[in-house]
Structure formats: structure tokens, C-alpha cells
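# Fold and geometry: a report
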Amino acid sequence: MRYITSFERDAMQEEALSMVTRLLNRRDGNVDEAELGRIRSLSVEELRALSEELIDSTSSSTRQEEALSMVTRLLNRRDGNVDEATKERMRSLSVEELEALGEELLDSTSSSSRQQAVLSVVTRQLNRRLGNIDEAILERVRSKSIEELEALTDALLDFASVTDLTNWLSRE
């Protein structure tokens, strides 16, 4: 079973909240504070369902614009600025294709956030246990998959020196 960190949950919640707020603002004008408070109390799943309802209630072209906007924002967050050629290719996708791409990007963003969180914990634990670690060794740690990083969180409890870490990195 895969657990979601609070950092990942908060990022997904913020993204879903942003989407629902934009959709409501577009449909109804400015959303008042009472409505924002109610929306903030919703879970990620409830926010996603609400955003789907709001998107379904809009016209097809508006739906496409919203889906394109969501995908563009997710790509910008993941990769930096999206170039015009990519935007043009995305404009040729159907609403359903854009929404599927958005879901995949949300999942990959969540996975990337999780990897960053685990990497941060591993780096702090290694520095605390072994002192300052050479940048080349840290780069080898950064190149590990999420599963390998999680294994390293257990293994490092037995490390007495940087040599133990380099030996572990060589074996993995």
C-alpha cells in the first residue's frame, strides 16, 4: 500500500482547490469568503468531483480551455515553462485526452513530490549520522529510485562511516 505524505496531500489539495476556485470564478464571478471556506474543507476527492461537475456544466470549448489550462499549469510546475510547440500540440487534443493527461500529470507530480520528500529525509539523516558527505556521493544518492531511497532509510541506521554508505550504493 502506498502512503501519501502530508506534503503530497497538501500539494494535491492546493491544486484541486485552485482549479475549483477558478472554475467557480469563471462561472459565477468572484467567490465569497463563506464559499471559499466551505470549499477549503473538502477533501481532494471531493474537490476533484466538484471540478468535474463544474467542467461538465460548461460548454465544450470552455471545457477544453480549462483542461488545457490545467495541463499547462501542471507541465509548467513539473518542467518549467511549456514551449509554444507543445502548447500547439496540446490544443489538438480532445477534452478527454487533455483530462487523461492531466490525471497522469497529477499522479506523476505526486510521485515526484514523494521522491523529493524521501530524498530530503535521507539526506538529513545521512548528514546527521555521518557528517558532511561529499557532493559526488550525494549525487549518487539523488539518482536512486523511491524504492531504493526507502531501503536506504533503513540501511543507514547501521552505517558507521561514509564507507558503509558508498559500499551500500555500490551494491544497489
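See above for the structure.
My aim in this report is to walk through the structure given alongside it, one point at a time. Values in this document were obtained by computation on a predicted structure and should not be read as measured data.

## Let's talk about the nonpolar core
Counting 25 residues, the largest nonpolar core has Val20, Ile39, Leu47, Val71 and Met90 as the members making the most contacts within it. For this core, the elements supplying multiple residues, two or more each, are α1 (6-28), α2 (33-40), α3 (44-56), α4 (60-79) and α6 (95-130). Not counting residues within four places of it along the chain, the set of residues in contact with Leu47 comprises Gln13, Ala16, Leu17, Val20, Ile39 and Leu42. Among the nonpolar cores identified, the runner-up in size contains 18 residues, and Leu130, Ile137, Leu156 and Trp168 belong to it.

## As for the packing of helix α7 (residues 135-142) against helix α9 (residues 162-171)
The contact between α7 and α9 brings their axes to 11 Å, and the two run at 40°. As far as their axial angle goes, α9 and α7 are oblique. α7 and α9 meet at a crossing whose hand is left-handed. Here Ile137, Arg140 and Val141 of α7 come into contact with α9, specifically with Val162, Leu165, Thr166, Leu169 and Ser170.

## So, the pattern of salt bridges
Enumeration over the complete set of coordinates arrives at 8 salt bridges. A salt bridge links Glu35 to Arg38; its shortest N-O distance comes to 3.0 Å. In this pair, Glu35 and Arg38 both sit in helix α2, 3 residues apart, roughly one turn of the helix. Residue classification places Arg38 among the partly exposed residues on the basis of a relative accessible area of 42%. Across the pair Glu103 and Arg48 runs a salt bridge, and its minimum N-O distance is 3.9 Å. One end of the pair, Glu103, is in helix α6; the other, Arg48, is in helix α3, with 55 residues separating them in the sequence. The class for Glu103 is partly exposed, based on a relative accessible area of 33%. A network of salt bridges, in which partner residues are shared, links Glu135, Glu139 and Arg142.

Criteria and thresholds
- Residues numbered from 1 in each chain as written.
- Predicted model: local features only at pLDDT ≥ 70, side-chain atom pairs only at ≥ 80, totals over all residues.
- Heavy atoms only, no water.
- Core = buried A, V, L, I, M, F, W, Y, C linked by side-chain atoms within 4.5 Å.
- Buried < 20%, exposed > 50% of the residue type's maximum accessible area, 1.4 Å probe, protein only.
- Helix = DSSP H or I, 4+ residues; strand = E, 2+ residues; numbered from the N terminus.
- Contact = heavy atoms within 4.5 Å.
- Axes fitted to C-alpha atoms, helices over the stretch in contact; angles between N-to-C directions.
- Parallel < 35°, antiparallel > 145°, perpendicular 65-115°, else oblique.
- Left-handed = near helix turned anticlockwise from the far one by under 90°.
- Salt bridge = Lys/Arg side-chain N within 4 Å of Asp/Glu carboxyl O.

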